[in-house]
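If you want the building blocks of each chain, they are given just below.
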Amino acid sequence: RMTTRRQLLNGAATLAAYASTARLVGGPGFAATPDQGPSALPSGAREAAVLDALPGKKPLIKRSYRPPNYETPMEVFDKAFTPNDEFFVRWHLSNIPEVDAAEWRLKIGGDGSSTPFELSLVQLATDFEQVELAALCQCAGNRRGLSNPHVMGVQWGYGAMGNAKWKGVRLKDILAKAGLKADAIEIAFNGGESGVVEETPDFVKSIPTWKALDENTMIATHMNGESLPHWNGYPARLIVPGWTATYWTKQVTEINALTKPQGGYWMAKAYRVPLGTFSFTDRFITQETDKNTPITEVVVNSLITSPGEGQAVAVGKSVDVRGIAWDGGHGITEVDVSTDGGKNWRPAVLGEDLGRFSWRQWSLSFTPTDPGSYAVMARATNAQGVSQVSKLIFSPSGYHNNVIQTVNVEAA
Ligand SMILES: Nc1nc2c(c(=O)[nH]1)N[C@H]1C(S)=C(S)[C@@H](COP(=O)(O)O)O[C@H]1N2
Ligand SMILES: [Mo]
């Protein structure tokens, strides 16, 4: 347990340093850079975005200091897996405790469990089979800042997502010991943090029991071969492959099987869309009302990682257009690229299949024949035959923006 201990001490020192600077100036700010995000973001959001490093992280695009919301810069998405120190950070509440690995316990119970029990981190590592899976973790509000009209919430650009290899224990193996009752309809998860004021609703999320028992759903302790970073949920977090990251509870302390729908703020009020806005495959029936439904799986989407917006390219020289594409776990079957603003499309070459919950890299080379502007676009299609949309499907909280992206390059 030497590593754990050392890590803990390092973590404690850097976090204490962070706490003191944060209190004074709201965090150590680097100068604002051109990477404030796409021009479609509200101007206030662009001006407030600076590159800033949380303890243990490389500089990321700061969207808010408290709670800490940091976005991954565009160039990082050229990598198949997002390094832990460049992975985005999203918290709803500001008091995020430093977890002592030795004292941490995961309590499993709820009125839908007949045999409640507790697990230590050592038990989690030794009493269960360890599994590893590549999966995209994407905030449902990724690209919210591009909503037209603009909506409330963190004004994310393209970087509220990441791809990682998650290692841990299948949730179904843990639940197998909980004596689940037949009427346990949801499994709820509580995170370790709290709000600054007592009235702030605790961060509790639930998923349907069928999704909790899916063999891919897990309690992860490791990410890309290392312990989870503090900011990404150390010592353990829920991984719900294919579903938006709002369900991926970090610093999980409690798992409760419920015989009634979880009715807290973060389920009943937040992360919902009006009925019929999107056509989800996965339904969360026990949480549906006659007006709205919780968001569930990630929608088909892609990102052009190169060339960058406004980049100068040479006439007669080949340009490597590349990026990533993903969906909620059906798998990407095709990515089409246009270099003339959507008039003509050509299929890109797909990279290695890292698993259906991972994003997939793609590339295509094109050679500009004449000087002038080229509007480069990418459109992903998944195994269900569903493609990205040309026009935003508007939702009041700006979820699931999968509009085909355009990058303009200048050939001379
Ligand atoms: N405990 C806790 N877990 C949480 C959240 C939170 O606020 N508290 N936010 C969720 C949301 S909305 C997102 S997008 C992801 C972000 O994961 P990351 O910070 O590891 O990138 O964490 C999820 N898990
Ligand atoms: Mo999120």
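In this text, all values refer to a predicted model and were calculated from it rather than measured experimentally.

Quick notes on the rules
Residues numbered from 1 in each chain as written. Chains lettered and ligands numbered in written order. Predicted model: local features only at pLDDT ≥ 70, side-chain atom pairs only at ≥ 80, totals over all residues. Heavy atoms only, no water. Helix = DSSP H or I, 4+ residues; strand = E, 2+ residues; numbered from the N terminus. Rg over C-alpha atoms; globule rule 2.2 N^0.38 Å. Buried < 20%, exposed > 50% of the residue type's maximum accessible area, 1.4 Å probe, protein only. Contact = heavy atoms within 4.5 Å. Areas by Shrake-Rupley, 256 points an atom, 1.4 Å probe, with all protein chains shown as cover. Lys, Arg positive; Asp, Glu negative; His and termini not counted. Charge placed at Lys NZ, Arg CZ, Asp CG, Glu CD. Near = heavy atom within 4 Å. Polar contact = N/O pair within 3.5 Å; in protein donor to acceptor, adjacent residues only side chain to side chain. Nonpolar A, V, L, I, M, F, W, Y, C, P; charged D, E, K, R; others polar. Domains from an automatic or database assignment. Pairing = 2+ DSSP bridges. Phe/Tyr/Trp six-rings, centres within 6.5 Å; stacked < 30°, edge-to-face > 60°. Core = buried A, V, L, I, M, F, W, Y, C linked by side-chain atoms within 4.5 Å. Buried area = accessible area lost by both parts, 1.4 Å probe. Axes fitted to C-alpha atoms, helices over the stretch in contact; angles between N-to-C directions. Salt bridge = Lys/Arg side-chain N within 4 Å of Asp/Glu carboxyl O.

A. Examining the overall build of the chain more closely. A count of helical and extended segments in the chain gives 6 helices and 25 strands. Here the C-alpha atoms of the chain give a radius of gyration of 22 Å, agreeing with the 22 Å that 2.2 N^0.38 yields for 412 residues. Once the C-alpha set of the chain is aligned to its principal axes, its extents read approximately 70 × 50 × 40 Å. For the chain, buried positions account for 54% of its 412 residues. Counting only contacts in the chain whose residues sit at least 6 apart along the sequence, the fraction spanning at least 24 positions is 69%. Counting only carbon and sulfur atoms, one obtains 53% of the accessible surface of the chain, whose full area is about 17,400 Å². Taking the 39 positively charged and 41 negatively charged side chains of the chain as two groups, their mean positions are separated by 1 Å.

B. Up close: the site of ligand 1. Around ligand 1 lies a shell of 19 residues, among which Phe88, His92, Glu193, Arg237 and Lys250 are the nearest. Between arginine 237 and ligand 1, the recorded distance is 2.7 Å, taken from a side-chain N or O atom to an oxygen atom. Contact distances for ligand 1 include 2.4 Å between an oxygen atom and a side-chain N or O atom of lysine 250. Compared with its free state, where it exposes 530 Å², ligand 1 has 100% of that area covered by protein. A class-by-class count of the residues in the shell around ligand 1 yields 10 nonpolar, 5 polar and 4 charged. When residues of the shell around ligand 1 are assigned to domains, at least three map to each of domain 1 (5–90) and domain 2 (105–146 + 159–294).

C. Representation of the sheet that holds strand 23 (residues 360–366) in the model. Pairing within the open sheet is antiparallel, and its 4 strands lie in the order 17-19-23-22. The open sheet has two edge strands with one neighbour each: strand 17 (301–306) and strand 22 (349–350). Pairing geometry for strand 17 and strand 19 (residues 319–326), over 5 bridges, is antiparallel. Across the sheet, the residue bridging to asparagine 301 is tryptophan 326, located in strand 19.

D. Molecular detail of the packing of aromatic side chains. Across all of its chains, the model carries 15 aromatic pairs by this definition. On the basis of an interplanar angle of 90° and a centroid distance of 4.8 Å, the ring pair of tyrosine 265 and tryptophan 266 is categorised as edge-to-face. Residue tyrosine 265 is classed as partly exposed on the basis of its relative accessible area of 41%. Tryptophan 266 gets classed as buried once you look at its relative accessible area, which sits at 11%. With centroids separated by 5.6 Å and ring planes inclined at 55°, the aromatic side chains of phenylalanine 366 and tyrosine 374 adopt a geometry described as tilted.

E. Layout of the nonpolar core. Counting residues in each nonpolar core, the largest one holds 62 residues, and the members touching the most others are Leu124, Trp166, Ile219, Tyr247, Trp248 and Ile255. Excluding its chain neighbours within four sequence positions, the residues that come into contact with isoleucine 219 are Leu124, Gly168, Val169, Leu171, Ile174, Ala236, Arg237, Leu238, Val252 and Ile255. In this structure, Val319, Leu364, Phe366 and Val376 belong to the second largest nonpolar core, which totals 20 residues.

F. Representation of the domain arrangement of the chain in the model. Domain boundaries assigned for the chain yield domain 1 (5–90), domain 2 (105–146 + 159–294) and domain 3 (301–411). Listed by partner, the interface residues are 25 residues for domain 1 and 25 residues for domain 2. Between domain 1 and domain 2, the buried area comes to about 2,000 Å², and carbon and sulfur atoms account for 63% of it. Looking at the side of domain 1 facing domain 2, the largest losses of area belong to Phe81, Asn84 and Phe88, adding up to 32% of the total buried there. Remark: the boundary between domain 1 and domain 2 carries 11 residue pairs in polar contact (both at pLDDT 80 or more).

G. Region of interest: the sheet that holds strand 14 (residues 252–258). Reading across from one edge, 6-5-14-9-10 is the order of the 5 strands in this open sheet, with mixed pairing throughout. Among the strands making up the open sheet, the edge pair consists of strand 6 (117–120) and strand 10 (204–208). For this sheet, the mean inter-axis angle between neighbouring strands, taken without regard to orientation, is 20°. Alignment of strand 5 (residues 105–109) against strand 6, held across 4 bridges, turns out to be antiparallel. By the bridge assignment, lysine 107 is partnered in strand 6 with glutamate 118.

H. Local environment of the pairing of strand 19. Counting buried residues along strand 19, 6 of its 8 residues qualify, which places the element largely inside the surrounding structure. Across 7 bridges, the pairing between strand 19 and strand 23 is antiparallel. The partner of arginine 322 across the bridge, within strand 23, is serine 363.

I. How the structure looks around the pattern of salt bridges. Applying the stated rule across the entire model yields 10 salt bridges. Across the pair arginine 63 and glutamate 71 runs a salt bridge, and its minimum N-O distance is 2.8 Å. The exposure class of glutamate 71 is buried, given its relative accessible area of 2%. Ionic pairing is found between glutamate 86 and lysine 79, a salt bridge with its closest N-O pair at 2.9 Å. Overall, the relative accessible area of 10% leaves glutamate 86 in the buried class. By sharing partners, the salt bridges in this structure join Glu129, Arg170, Lys172 and Asp173 into a single network.

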